[in-house]
Amino acid sequence: MTKRIVVTGGAGYIGSHVCVELLAGGAAALVIDNFSNAHPEALNRIRELAPGDLEVLERDLADPAQSEDIISAVRDFNPDGAVHLAGLKAVGESVTEPARYYRTNLGAALTLIEALDAADAKNLVFSSSATVYGDRNESPVDESGLTGPTNPYGRTKLFIEDIVRDIAHSDNRWRIVNLRYFNPVGAHASGRIGEDPNDIPNNLFPFIAQVAVGRRDKLQVFGGDYPTPDGTGVRDYIHVTDLARGHVAALDYLAAKKTGGAVDINLGTGKGVSVLEAVAAFKRASNRDIPYDIAPRRDGDIAEIYANADLAQKLLGWRAEKTLEDMCADHWRWQSQNPEGYQS
Ligand code: WQD
């Protein structure tokens, strides 16, 4: 029986990779996206990579005036479940514009929940983030780790986790997974879809890739004096295709689940990689120089965090397979073949 899945934010970086994996597996997808941080060309690339039943609804889940439209479109799609990725995600921006982040991210989640309830489609995979852990745990961090996000973006993720836990508690027909992503990087091996951030990239890999392709002059390494092996920040980078496959595995897990409830699951590799290790790996993959300066630490950054990903293996039968070399080679193929992102 064909799975029918709503994918909010489905034209975005993670969303486009999730759509490719769903469609390649024979599912039908309804993308709901306002294209505030995504390009319509991504949808053409998804269709090129995975021809299938891909429907698109250009709407803003966070706009109350559009809720009725969205609710009726979701009902008409007759979904089995949803992956909720739509939302604002820039940590620094969330510090300067907290109200917009709370209104947008919480509002979008609540509208989707209302639509799924009306469509009686109560399987939900929520795009959460390791940022909910803050700096309160020794790595590797498992799902029992203390939560303590250090910025409004991270707090929206934890608040939405709490909202869906309350929803599942109120009605045991809801089956929900909060996927706590570590650091998604890389691109589909074809080089046809990838990360295409608006403006100056906040995140490390897209910035490195833009230096390698000549769009940026130099990388600023935020901090060389952390208590880590080489003094630079350590993170758990996970290939976006591994991440996307984790979403498909989570949907399959929910479809087979006999009981309701919400569960938190880390999606990471379990390995920590420093900024300088990432730079060196990207240099090897791209054969380009990546000039950098060691700059002061960035406010809100933590020294080190990487996942204990055992629960994903246990519950979903999923484990990250791609290496740091794969991440860099695939990210570079996307960036070099699309130097200006989807614009080009
Ligand atoms: C990684 C490392 C930086 C940029 C955040 C969010 C998380 C998710 C991913 C949305 C750190 C260093 C970075 C640069 C640098 N967001 N760095 N120079 O901060 O771990 O996670 O983005 O989905 O929820 O919390 O990712 O890529 O910004 O930083 O030295 O120009 O690279 O200090 O050590 P982060 P990041």
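Here we summarise the structure given alongside this text. (Residues numbered from 1 in each chain as written. Predicted model: local features only at pLDDT ≥ 70, side-chain atom pairs only at ≥ 80, totals over all residues. Heavy atoms only, no water.)

**Comments concerning unusual backbone geometry**
As a reminder of what qualifies: Helical segments are the DSSP runs of H or I of at least four residues, strand segments are the runs of E of at least two, and each set is numbered from the N terminus. Burial classes follow relative accessibility: with a 1.4 Å probe on protein chains only, a residue under 20% of its type's maximum area counts as buried, one over 50% as exposed, and anything between as partly exposed.
The step from Ser-139 to Pro-140 runs through a cis peptide bond, and the omega angle for that step is 0°. Inspection of the secondary structure assignment puts Pro-140 in the loop between strand S5 (123-129) and helix H6 (152-170). With a phi close to 55°, Asp-120 is a non-glycine residue in the positive phi region. Looking at the secondary structure, you find Asp-120 in the loop between helix H5 (98-118) and S5. Positive phi is not limited to glycine here, since Asp-199 has a value of about 60°. By the secondary structure assignment, Asp-199 is in the loop between strand S7 (183-185) and helix H7 (204-212). Using a relative accessible area of 64% as the deciding quantity, one classes Asp-199 as exposed.

**Focus: the packing of aromatic side chains**
So the rule is basically this: Aromatic contacts are taken between Phe, Tyr and Trp rings whose centres are within 6.5 Å, Trp giving its six-membered ring; a plane angle under 30 degrees counts as stacked, one over 60 as edge-to-face, and the others as tilted.
According to the stated counting rule, one finds six aromatic pairs in the structure shown. Look at Phe-205 and Tyr-237: their rings are 5.1 Å apart centre to centre, the planes differ by 50°, and that puts the pair in the tilted class. Remark: Tyr-237 occurs in strand S10 (residues 237-239) and Phe-205 occurs in helix H7; sequence separation between them is 32 residues. On the basis of relative accessibility, which here comes to 1%, the residue Phe-205 falls in the buried class.

**Observations regarding the sheet that holds S5**
Threshold: At least two DSSP bridges between two strands are needed for those strands to be called paired. Every axis corresponds to a line fitted to the C-alpha atoms, with the helix fit spanning only the stretch in contact, and the corresponding angles, defined between N-to-C directions, vary from 0 to 180 degrees. Contacts are residue-level and defined by heavy atoms, with any inter-residue pair within 4.5 Å sufficient.
Sheet architecture is open: seven strands sit in the order S3-S2-S1-S4-S5-S6-S11, paired in parallel fashion. The open sheet is flanked by strand S3 (54-58) and strand S11 (261-267), the only strands paired with a single partner. The mean inter-strand angle of the sheet, taken between neighbouring strand axes irrespective of direction, is 20°. Taken together, the seven bridges between strand S6 (residues 175-181) and S11 define a ladder with parallel strand orientation. In the sheet register, Ile-176 faces S11, and the bridge partner there is Ala-262. Along the sheet, helix H1 (residues 13-24) contacts strand S1 (4-8), strand S2 (28-33), S3 and S6; its crossing angle with S1, the most-contacted strand, is approximately 170°. Across the sheet, H6 lies against S5, S6 and S11, angled at about 155° from S5, the strand it touches most.

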